[in-house]
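Results of the structural survey
Okay, here's what each chain looks like letter by letter:
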Amino acid sequence: ASVPEEKGMDRDATPVDLYNDGLKAQEEEKDTQKALKLYEQAIGTATENQEVRARSYQNLGVINHQQARAVFDKAQKTLAGQQLDAALKEVDQTLKQIAMTQDIYKEALRESVEIPAVARNQQLLLIDRKKAEELKKKIEELKKQQQEAQKNTQQAKDQQQKQNQQKQDQKDPETNKDCGVDDLFHSKDNDLGFGAHGRPPGMFVIIYSQGFSFMLY
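Residues numbered from 1 in each chain as written. Predicted model: local features only at pLDDT ≥ 70, side-chain atom pairs only at ≥ 80, totals over all residues. Heavy atoms only, no water.

**Description of the environment of lysine 136**
Position of lysine 136 relative to the elements: it lies in helix α5 (residues 116-179). Relative accessible area serves as the criterion here: at 25%, lysine 136 is assigned to the partly exposed category. Apart from the residues within four sequence positions on either side, lysine 136 is in contact with Leu88, Val91, Asp92 and Leu95. (Helix = DSSP H or I, 4+ residues; strand = E, 2+ residues; numbered from the N terminus. Buried < 20%, exposed > 50% of the residue type's maximum accessible area, 1.4 Å probe, protein only. Contact = heavy atoms within 4.5 Å.)

This is the structure we're talking about:
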């Protein structure tokens, strides 16, 4: 048995039927995807009905406008979570969606049908675009401050490491003087009077030569 087509998707439906079904899907069923398809069908079939085309464009614009606002709200929440890159991406998506919506509203006005809601929605869209642009500017400034802070932090870290290394370099010669084998030997030699000072009184040296040992006082 064949599957019956959904109401509003019938090929024999008039443009008015398609528009009304789209409006029902949009307002009552909250099914935006279904509404978008029905409005697009209404526009495609209403070649001689400017009012249906204009109102279909208007409602297409409203759906896109609502989607832009939803993404903008998400961007604000993302920004509140200090996720600057993600927030900036969502704001850019908002602005792109607003541009698409503007084009759709313009199509509604081209139909030469006076629909006050379209002009009002355009004004609201301009306000929303300004808000999105301001938020984008704010995020970009925050990113710049964040990058500057990271740069300063890294410079301070590098400076601290440099100072620590300098202190270590200054400490190492003292350590070598106290604990190095060569310095230790000479230091004791000097303390005992060897070297240029000769042998201390009362000490002797044993010299080995050809198997014999000699003591020198």
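Having seen the model, we can carry on.
**With respect to the nonpolar core**
Counting 37 residues, the largest nonpolar core has Tyr39, Tyr57, Leu60, Leu79, Val91, Leu135 and Ile139 as its most contacted members. Counting residues per element, the ones that place at least two in this core are α1 (15-27), α2 (32-45), α3 (50-80), α4 (84-110) and α5. (Core = buried A, V, L, I, M, F, W, Y, C linked by side-chain atoms within 4.5 Å.)

**Things to note about the pattern of salt bridges**
Summed over the entire model, instances satisfying the criterion amount to eight salt bridges. A salt bridge links lysine 34 to glutamate 29, with the nearest nitrogen and oxygen atoms 3.3 Å apart. Glutamate 29 gets classed as partly exposed once you look at its relative accessible area, which sits at 37%. (Salt bridge = Lys/Arg side-chain N within 4 Å of Asp/Glu carboxyl O.)

**Describing the confidence of the model for the protein chain**
When pLDDT is averaged along the protein chain, the result is 81; 74% of the residues meet or exceed 70. Predicted confidence is poor over residues 1-9, with pLDDT under 50, and the contacts of this stretch with residues over four places away or in other chains come to 10 contacts. Contacts from residues 203-209, a stretch scored under 50 in pLDDT, to residues over four places away or in other chains number 17 contacts. (pLDDT = per-residue confidence, 0-100.)

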